[in-house]
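Spelled out from the first residue to the last, the chains are:
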Amino acid sequence: MGYAGTMEVWDPRLVHALARHNRVVMFDNSGVGRTQPLPAPLTIDAMADQTSALIDTLGLGRPDVLGWSMGGTIAQALAVLHPAQVRRLVLCATYPGTGAAVLPSQAALQAGNLFPANQAKAYDAFTAAISEYPAAPAASAATKTAQRSALTEWWHGTDAAGRKIARISVPTLITDGTDDQLDPVANAHILARLIPGARLVLYPDAGHGFLFQDRASFASLIESFLTGHPSP
């Protein structure tokens, strides 16, 4: 999951679509929900190590890993630090950690829009869908501050694993919406150039929440990527 988000932000319609042919495991990052905070200072690498420990604890072996936004940076760090635990990697609306990231504007960060302005119906459907989950406590101010610091280090190339993402060797799918205001789409192109053999797929007229806005086609894309069969 991305910055400050609980697992209850995963659109259940997308989760159910993925679960038709896959076992899906969702979890909260450090300090979110019932997950205990990691010792300060929090880093993307520390959250990747925590993800690695969860994979071990659940006996998942070498799962396919999908990360969205900040979750995509954690997924990249996991593939760098624990490559034997990642079979295939799906990076959604996320950022490179080499110091070359194109940063969102402060206005975009404050607005926090997941969908373009002309996709109000899609946004309403998304909010209705996630309201089906039991209420979850919001991330604390301390957790948000710690995550923001960890993400800033990644953006600026001072995260150890972030500087090594060109070493990622597992099959990688990079995705985003072309109208992403929280993560300029240029970052998807940068990642596609950095990670050897990566495949880039962009969704027109979609923003940071493209995976929920275009969930049916996105789920189909993931299925074809995970099975190695080309999508129609």
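Everything that follows concerns the structure shown earlier in this document.
Being a predicted model, the structure only gives us computed values, none of them experimental.

A. Inspection of the nonpolar core at higher detail. Core analysis: the largest hydrophobic core is formed by 31 residues, its most contacted members being Ile44, Met47, Val86, Leu89, Ile168, Ile174 and Ile195. Counting only elements with at least two residues in this core, the list comes to α2 (44-58), α3 (70-81), β2 (89-92), α6 (141-155) and α7 (186-194). Once residues within four sequence positions are removed from consideration, Ile44 is found in contact with Met70, Thr73, Ile74, Ala77, Ala150, Leu151, Trp154 and Asp159.

B. Main features of α7. Turning to α7, its buried residues are Asn187, Ala188, Ile190 and Leu191. Looking straight down α7, one finds that the buried residues subtend no more than 160° of arc, so they occupy a single side. Where α7 is buried, its residues touch α3, β3 (172-177) and β4 (199-203).

C. Molecular detail of the sheet that holds strand β1 (residues 65-68). Ordered by their spatial adjacency, 4 strands build an open sheet running β1-β2-β3-β4, and the pairing between neighbours is parallel. Pairing within the sheet leaves two strands with one partner each, and these edge strands are β1 and β4. Averaged over all adjacent pairs, the angle separating strand axes in this sheet is 15°, with direction ignored. The pairing of β3 with β4 spans 5 bridges and is parallel. Note that in β4 the partner of Asp176 across the bridge is Leu202.

D. Up close: helix α9 (residues 215-227). Its 13 residues give α9 an end-to-end C-alpha distance of 18 Å, which sits within 8% of 18 Å, the value for a rise of 1.5 Å per residue. For α9, every residue scored as buried is listed here: Phe218, Ala219, Leu221, Ile222, Ser224, Phe225 and Leu226. Along its buried surface, α9 packs onto α1 (12-19), β1, β2, β3, β4 and α8 (210-213). Positive phi shows up at Gly228, right after α9, with a value of about 80°.

E. Looking closely at the side chain of Ser69. With respect to the element layout, Ser69 can be found in the loop between β1 and α3. If we ignore the near neighbours within four places in the chain, the residues touching Ser69 are Gly2, Cys92, Ala93, Thr94, Tyr95 and His208.

F. Region of interest: the packing of α2 against α3. Two numbers describe how α2 lies on α3: the axes approach to 8 Å, and their chain directions differ by 70°. Taken together, the axes of α2 and α3 lie roughly perpendicular to each other. Where α2 abuts α3, its residues Ile44, Asp45, Met47, Ala48, Asp49, Thr51, Ser52 and Ile55 lie against Met70, Thr73, Ile74, Ala77, Leu78 and Leu81.

G. Layout of the pairing of β2. Covered by surrounding structure in β2 are Leu89 and Leu91 together with Val90 and Cys92, the residues of both alternating faces. Where β1 meets β2, 4 bridges bridge the pair, whose relative direction is parallel. Each bridged residue has a counterpart across the sheet, and for Trp68 the counterpart in β2 is Cys92. In this region the chain leaves β1, passes through α3 and returns to the parallel neighbour β2; the handedness of that crossover is right-handed. In terms of strand pairing, β2 meets β3 through 4 bridges, oriented parallel. Each bridged residue has a counterpart across the sheet, and for Cys92 the counterpart in β3 is Thr175.

About the thresholds
Residues numbered from 1 in each chain as written. Predicted model: local features only at pLDDT ≥ 70, side-chain atom pairs only at ≥ 80, totals over all residues. Heavy atoms only, no water. Core = buried A, V, L, I, M, F, W, Y, C linked by side-chain atoms within 4.5 Å. Buried < 20%, exposed > 50% of the residue type's maximum accessible area, 1.4 Å probe, protein only. Helix = DSSP H or I, 4+ residues; strand = E, 2+ residues; numbered from the N terminus. Contact = heavy atoms within 4.5 Å. Arc of directions from axis to C-beta. Pairing = 2+ DSSP bridges. Axes fitted to C-alpha atoms, helices over the stretch in contact; angles between N-to-C directions. Expected span 1.5 Å × (residues − 1). Parallel < 35°, antiparallel > 145°, perpendicular 65-115°, else oblique. Right-handed = clockwise from strand over helix to strand, strands pointing away.

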